[in-house]
Protein chains: 2
Amino acid sequence: MEKKSTRTTDPSSFLQSVTLSEKDGHSSTQSSHRLLAFSDSLISIIATVMILPIAHTKIQQDQELQKSLQQLLATKISVYLVTFLIVTVAWAAHIRLFQVIERIDDVLALLNLACMMLITFLPYTFSLMASFPENPLGILLFCGCAIVIGLIQAGIVLYGFSQPYLLIDHIQISENQNYYKYQILKVILRVPVFCFLAGIFAFIFFPLAYILLALVIFYPYLSQTLKWCCNKALGQQEEHNETMLLYTYHPKEPLSKERVEAFSDGVYAIVATLLILDICEDNVPEPSEVKERFNNSLIEALHDFGPEYLAYFGSFVTVGLLWFVHHSLFLYITKTTRFMGLLNTFSLAFIGGLPLAYQLTHEFEEKSHNELEAIQISCVIIFFAGIFQMAIWVTALFNERETLHPYVRYRGKEHAFMFAKLSIYPCVSLSTFFLTCILSEFSTPIFHLMEIIVPFAFLALRILVRIALALLKLVFCPSKPIHNSVEEDETRLPFNDVLWYIIDL
Amino acid sequence: MEKKSTRTTDPSSFLQSVTLSEKDGHSSTQSSHRLLAFSDSLISIIATVMILPIAHTKIQQDQELQKSLQQLLATKISVYLVTFLIVTVAWAAHIRLFQVIERIDDVLALLNLACMMLITFLPYTFSLMASFPENPLGILLFCGCAIVIGLIQAGIVLYGFSQPYLLIDHIQISENQNYYKYQILKVILRVPVFCFLAGIFAFIFFPLAYILLALVIFYPYLSQTLKWCCNKALGQQEEHNETMLLYTYHPKEPLSKERVEAFSDGVYAIVATLLILDICEDNVPEPSEVKERFNNSLIEALHDFGPEYLAYFGSFVTVGLLWFVHHSLFLYITKTTRFMGLLNTFSLAFIGGLPLAYQLTHEFEEKSHNELEAIQISCVIIFFAGIFQMAIWVTALFNERETLHPYVRYRGKEHAFMFAKLSIYPCVSLSTFFLTCILSEFSTPIFHLMEIIVPFAFLALRILVRIALALLKLVFCPSKPIHNSVEEDETRLPFNDVLWYIIDL
């Protein structure tokens, strides 16, 4: 009966959405796709949330920006960065967990929700730690959350292995299921154990507690670096074990590309809309005020908010275009390694700071020293956000056979174009920065000019690059030879790129 | 060369992510999947944003809640609902547009970003309209945005048809491309024309402008209802044209299920985290205050925020579980019609109000009349959010062959279980509502008890339903006959469901 009646439904969308493991008769088993997408949105929102208290810190007009920045830097910015880092660590653990568990059922979905709830609480514990660094309560709360998260994740693993049809086929058919289980549990329970120790030391000697927490974040990178150094020193070959790779911290360990994209999308989306949230809440004038101060003229009242609108559009355009670059980049990336994920996290952390920077640009008097500094900070943030995107690409190029689509590999059709796309923001922001240093009086017009030009640069880029490539082809190599190996050209790569790039612009 | 070197990449993930139309040689063409997911996140955030000004309205303790609620209802809630509705209308138009345009290139991606930027600005124009209903500026701004959005969408259509490889295959091979183009343009340009007229009337006679704007939202439903009435009156058969269905407003018109899910996920994610945003920003005590007021005891200072934490956990759990129900429901829905999309929008609009309701529950003194009303409002909101989810399922059941997976159809394996899952929240909220009416003194404990019980009800549900079904099978029908047609049982469906449900609980 069931076979017969599916005939009327659209088979492709049906297959995509419901991956019920009919062969086993487990009707409650579900594809984990949507659960993971939802978790990604939640985690990305939480990761960027801590920028809000920074953005809402009121800077007095008479204060020098640098002083208040130092204040900010001391607590809030560090809270933001640490939260971003630790939330992405939790997210990476979540990815690895659901690389082993491929299908879910209701119990796993509910356990995952509980886990998410605790993760969303982590930023608050960090705020407490930053405000009361010597009070053990913040650490205790954080450790409590981390321990419970670890236990829930261990529960998810145990449940998954008790119902083997939930696991990836690879482990499902393996004879060493128990070995895998203990290996995974060992990695997952490491964090709770560290946190438990940190919780104890919070009472005895709290600096040690902080060191232990830092160790939780950096342990994977430290241990990997140590291992790499040992291997190099002893001249050993690195071993590769495809399955265990999922539960080590090897820089080339594959992360789920789809989830990296979903997480990045969430961050970009929330960052792009952060300013409109503020505008909708704060920049609607009171009717009484309009009557008294502006002689009932709404346009005049809104005129005061002009800089806010400009900041909004500037920040939306910049975030939107950086998303566009990210989107183009990941379109051609076929495998995301752990190291690329780390670079992506850094890029996203800077992007999270963008709305703040743009908000700063309109908070001060025109042509004041503060305004100039705010504009320069914006340039620096854009530069780093862009340069880390570029770094992802360069990292991918080093191993291009595994990680890149042929189109964008060296000498591929889109290689020059992708390079040009990725360099627009770093170049423009860097030149704006230096221009504002020299022509500090015209910093605001220069900055706004940049905002207007960049979108058109993206629109015209393809045409420009095409013309340039056609010319280049005509002049240098009328009949391009076909290369099967690219290694021989590796050394000439930078020069050629620069050449192409100069011609493009 | 290219063919050869793809061998080293993972073919499955590669195919999923890069759908380059290699046959045409258009190397810049991309699958639109990620662009649409990003647009969905942006639109869902914008749709729910307007709840923030409501949530941040401070209610004085001495005021009666009802009075301030009337104030709120007058402007902010209506702004929230209208924004939600108009943003979902814009989103539905976006869906339809990208049901015709299947692949994108850089120009389309940039045009889409411009479109998104204007959509994110719409809530602000609504705030202006609500605060200054008699000032034409709000209407003019809104109409301006809507006209530009319409023109950009028309540009997207024209560009898409000028590069036919971007269109769905169906239209690509059709000979009537021009007919399709003008038909689609006609539908898209209807909104700008209406808005242009509304903009003109804003100066002459502004109530007419509002009527025209309302018409933009309700036109599809009105025209469809009129058409349906005409058809019924004249006894005509409705015509179905598979392609044109995409550009009519037929209630059975298919919406992209994937995008409905992505949009809902975005709303759920932002709503679930709304309260933690506030907590992170407002509920970290000042170090100086802790020293003075609380004798340096952080725990005592945090004790004051207890109700806030409770409200956060309550709202997260409720939103999370409603997402879980939604997830289970859409897992078994194979096709989303326009009408189901509308019901989903209503459900989401109520869910957007949840954090506000939960925040209200802790704003008043214990056992005050205000607190009781806040709790009852929460119950009503949960009830409607749940009942609209149920309505989606009932609507799907009416056409179950096309819209539902066999498992959840009437007499399917999961039918009773899905019904039980969907009824938990409506039933629990309704009974809490009546219990608080009768036992008004214990309203808070009852409410908190409900919050704690519901997650366990979800965990135990499957076991309970299984036991009940097994018993039922043993008692009533030891050998279940196989039905090929379900029409004959349609009339008995409600009774059976109720019977099953009673036994389940």
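Residues numbered from 1 in each chain as written. Chains lettered and ligands numbered in written order. Predicted model: local features only at pLDDT ≥ 70, side-chain atom pairs only at ≥ 80, totals over all residues. Heavy atoms only, no water.

- Per an unreviewed UniProt entry, chain A goes by Endosomal/lysosomal proton channel TMEM175 and derives from Lepisosteus oculatus.
- The Subcellular location (unreviewed entry) field of the UniProt record for chain A holds the comment "Membrane".
- Of the comments in the UniProt record for chain A, the one headed Sequence similarities (unreviewed entry) reads "Belongs to the TMEM175 family." (UniProt positions renumbered as here; feature names shortened; annotations may be inferred.)

## A short note on the overall build of chain A
Step number 1: On a plain count of helices and strands, chain A comes out with 20 helices and four strands.
Step number 2: Total accessible area on chain A is roughly 22100 Å²; 65% of this is exposed by carbon and sulfur atoms. (Helix = DSSP H or I, 4+ residues; strand = E, 2+ residues; numbered from the N terminus. Areas by Shrake-Rupley, 256 points an atom, 1.4 Å probe, with all protein chains shown as cover.)

## Side note on the domain arrangement of chain A
All names here are of chain A.
Step number 1: Assigned domains of chain A: these are domain 1 (29-56 + 76-229) and domain 2 (257-476).
Step number 2: Contact with domain 1, which involves 27 residues of that partner, is made by 21 residues of domain 2.
Step number 3: Buried surface at the junction of domain 1 and domain 2, summed over both partners, amounts to about 2000 Å²; 69% is from carbon and sulfur atoms.
Step number 4: Counting the contacts that link domain 1 with domain 2 gives one salt bridge.
Step number 5: The closest approach of N and O atoms between Arg 259 and Asp 40, which form a salt bridge, is 2.8 Å.
Step number 6: Counting the contacts that link domain 1 with domain 2 gives three residue pairs in polar contact (both at pLDDT 80 or more).
Step number 7: Within the residue set of the side of domain 1 that touches domain 2, elements represented by two or more residues are α3 (33-49), α4 (51-55), α5 (65-100) and α10 (206-234). (Domains from an automatic or database assignment. Contact = heavy atoms within 4.5 Å. Buried area = accessible area lost by both parts, 1.4 Å probe. Salt bridge = Lys/Arg side-chain N within 4 Å of Asp/Glu carboxyl O. Polar contact = N/O pair within 3.5 Å; in protein donor to acceptor, adjacent residues only side chain to side chain.)

## A look at the confidence of the model for chain A
All names here are of chain A.
Step number 1: Put simply, chain A has an average pLDDT of 77, and 80% of its residues get 70 or more.
Step number 2: Here residues 480-496 is a poorly scored stretch, pLDDT under 50, and it has 20 contacts once near neighbours within four places are set aside; other chains count.
Step number 3: For this predicted complex, the interface score ipTM comes out at 0.80, alongside a pTM of 0.81. (pLDDT = per-residue confidence, 0-100.)

## Some points on the packing of helix α11 (residues 257-282) of chain B against helix α15 (residues 338-361) of chain B
The packing of two helices is summarised by the inter-axis angle and the distance between the axes.
Residue and element names in this part refer to chain B.
Step number 1: Their axes nearest at 9 Å, the elements α11 and α15 cross at an angle of 5°. Viewed along their axes, α11 and α15 adopt a mutual orientation that is roughly parallel. Contacts between α11 and α15 involve Val 260, Phe 263, Ser 264, Val 267, Tyr 268, Val 271, Leu 274, Leu 275 and Asp 278 from the first element and Asn 344, Ser 347, Leu 348, Ile 351, Gly 352, Pro 355, Tyr 358 and Gln 359 from the second.
Step number 2: In terms of residue class, the contact of α11 with α15 is made up of eleven nonpolar, five polar and one charged. (Axes fitted to C-alpha atoms, helices over the stretch in contact; angles between N-to-C directions. Parallel < 35°, antiparallel > 145°, perpendicular 65-115°, else oblique. Nonpolar A, V, L, I, M, F, W, Y, C, P; charged D, E, K, R; others polar.)

## Observations regarding the interface of chain B and chain A
Step number 1: Facing 105 residues of chain B, the contacting portion of chain A comprises 107 residues.
Step number 2: Linking chain B to chain A there are four salt bridges.
Step number 3: A salt bridge links Lys 421 of chain B to Asp 106 of chain A; the nearest nitrogen and oxygen atoms lie 2.8 Å apart.
Step number 4: At the junction of chain B with chain A, the criterion picks out ten residue pairs in polar contact (both at pLDDT 80 or more).
Step number 5: A per-element tally of the side of chain B that touches chain A places α11 of chain B first, with 15 residues.
Step number 6: Looking at the side of chain B that touches chain A residue by residue, the class counts come to 60 nonpolar, 26 polar and 19 charged.

## Brief notes about the packing of aromatic side chains
Step number 1: For the structure on display, the rule yields 43 aromatic pairs over all chains.
Step number 2: On the numbers, 6.2 Å between centres and 90° between planes, the contact of Phe 121 of chain A with Tyr 309 of chain B is edge-to-face. Pair noted here: Phe 121 of chain A is in helix α6 (residues 106-131) and Tyr 309 of chain B is in helix α14 (residues 306-332), and the two residues belong to different chains.
Step number 3: For the pair Phe 383 of chain B and Phe 384 of chain B, a centre-to-centre distance of 5.6 Å together with 75° between the ring planes defines the contact as edge-to-face.
Step number 4: Here the guanidinium or amino end of Lys 181 of chain A rests over the ring plane of Tyr 182 of chain A, the centre of that ring lying 5.7 Å away. (Phe/Tyr/Trp six-rings, centres within 6.5 Å; stacked < 30°, edge-to-face > 60°. Lys NZ or Arg CZ within 6 Å of the ring centre and 35° of its normal.)

## What to know about the nonpolar core
Step number 1: Counting 294 residues, the largest nonpolar core has Tyr 124 and Phe 142 of chain A together with Tyr 124 of chain B as the members making the most contacts within it.
Step number 2: Beyond its immediate sequence surroundings of up to four residues, Tyr 124 of chain A is in contact with Ile 279, Cys 280, Asn 283, Val 284, Leu 302, Phe 305 and Tyr 309 of chain B. (Core = buried A, V, L, I, M, F, W, Y, C linked by side-chain atoms within 4.5 Å. Buried < 20%, exposed > 50% of the residue type's maximum accessible area, 1.4 Å probe, protein only.)

## Points about the relation of the copies chain B and chain A
Step number 1: Superposition of chain B onto chain A requires a rotation of 180° combined with a translation of 0.0 Å along the rotation axis, giving an RMSD of 0.0 Å. The transformation relating the two chain copies, once decomposed into turn and shift, fits a two-fold axis.
Step number 2: The share of interface residues of chain B whose copies in chain A are also at the interface is 99%, consistent with both copies meeting through the same surface. (Least-squares fit on C-alpha atoms with pLDDT ≥ 70 in both.)

## Considering the pattern of salt bridges
Step number 1: Inspection of the entire model under this criterion finds twelve salt bridges over all chains.
Step number 2: Notably, a salt bridge pairs Glu 402 of chain A with Lys 335 of chain A, separated by 3.1 Å at the nearest N-O pair. Placement of the pair is Glu 402 of chain A in helix α17 (residues 400-403) and Lys 335 of chain A in the loop between α14 (306-332) and β4 (336-337), with a sequence separation of 67 residues.
Step number 3: Residues Lys 257 of chain B and Glu 261 of chain B are paired through a salt bridge, measuring 3.1 Å at the closest nitrogen-oxygen approach. Here Lys 257 of chain B pairs with Glu 261 of chain B, and both are found in helix α11, just four residues apart, close to one helical turn.
Step number 4: Look at Lys 257 of chain B and you get buried, because its relative accessible area is 9%.

## A closer look at the side chain of Ser 378 of chain B
All names here are of chain B.
Step number 1: Residue position: Ser 378 is located in helix α16 (residues 369-398).
Step number 2: The buried category is assigned to Ser 378, whose relative accessible area is 0%.
Step number 3: Setting aside anything within four residues of it in sequence, one finds Ser 378 in contact with Ala 357, Tyr 358, Thr 361 and Phe 447.

## Points about a nonpolar patch on the surface
Step number 1: A cluster of nonpolar residues, Val 193, Phe 196, Leu 197, Ile 200, Phe 203, Ile 204 and Phe 205 of chain A, forms a patch on the protein surface that exposes about 750 Å² of accessible area.
Step number 2: Judged by its relative accessible area of 51%, Phe 196 of chain A is exposed. (Patch = residues over 30% accessible without salt bridge, like charges linked within 9 Å, V, L, I, M, F, W, Y side chains within 5 Å.)

## Focus: the environment of Pro 136 of chain A
All names here are of chain A.
Step number 1: Looking at where Pro 136 falls in the secondary structure, it is placed in helix α7 (residues 136-162).
Step number 2: For Pro 136, a relative accessible area of 25% translates into the label partly exposed.
Step number 3: Pro 136 sits 308 residues away from Thr 444 along the chain, and the two C-alpha atoms are 46 Å apart.
Step number 4: Not counting chain neighbours up to four residues away, the residues in contact with Pro 136 comprise Ala 202 and Phe 203.

## Concerning helix α10 (residues 206-234) of chain B
Because an α-helix completes one turn every 3.6 residues, residues spaced three or four positions apart along the sequence face the same direction.
Step number 1: When the local axis directions of α10 of chain B are compared, the greatest deviation, roughly 65°, occurs at Phe 218 of chain B, which is followed within four positions by the proline Pro 220 of chain B.
Step number 2: Residues of α10 of chain B that are buried: Ala 209, Leu 212, Leu 213, Val 216, Ile 217, Pro 220, Ser 223, Gln 224 and Asn 231 of chain B. (Bend = angle between axes of the 7 residues up to and from the residue.)

## A few points about the packing of α16 of chain B against helix α18 (residues 415-438) of chain B
All names here are of chain B.
Step number 1: In contact at an axis separation of 9 Å, α16 and α18 are set at 155° when each is read in the N-to-C sense. Judged on the interaxial angle alone, α18 and α16 are roughly antiparallel. The interaxial crossing formed by α16 with α18 has left-handed handedness. (Left-handed = near helix turned anticlockwise from the far one by under 90°.)

## Observations concerning the side chain of Lys 181 of chain B
Residues and elements named next belong to chain B.
Step number 1: Summarising the element assignment, Lys 181 is placed in helix α9 (residues 177-204).
Step number 2: No salt bridge is formed by the buried Lys 181; its nearest oppositely charged neighbour, Asp 105, is found at 16 Å.
Step number 3: Lys 181 has contacts with Leu 158 and Phe 161, leaving out every residue within four places of it along the chain. (Lys, Arg positive; Asp, Glu negative; His and termini not counted.)

## Examining helix α15 (residues 338-361) of chain A
All names here are of chain A.
Step number 1: Given a rise of 1.5 Å per residue, 24 residues ought to cover 34 Å, and the 35 Å separating the end C-alpha atoms of α15 matches this to within 8%.
Step number 2: The largest bend in α15 amounts to roughly 30° and is located at Leu 354, with the proline Pro 355 lying one to four residues further along.
Step number 3: Of all the 24 residues making up α15, 21 are buried; the element is thus mostly covered by neighbouring parts of the structure. (Expected span 1.5 Å × (residues − 1).)

## Quick notes on the environment of Arg 409 of chain B
Step number 1: Following the sequence through the fold, Arg 409 of chain B ends up in the loop between α17 (400-403) and α18.
Step number 2: Each C-alpha atom, one on Arg 409 of chain B and one on Leu 397 of chain B, is 6.9 Å from the other, the two residues being twelve residues apart in sequence.

## Looking at the environment of Ser 443 of chain B
All names here are of chain B.
Step number 1: Along the chain, the position of Ser 443 falls in helix α19 (residues 443-476).
Step number 2: Residue Ser 443 is classed as buried on the basis of its relative accessible area, which comes to 2%.
Step number 3: Residues Ser 443 and Leu 372, 71 residues apart in the sequence, show an inter-C-alpha distance of 6.3 Å.
Step number 4: Setting aside its immediate chain neighbours within four residues, Ser 443 contacts Leu 372, Ile 375 and Thr 436.

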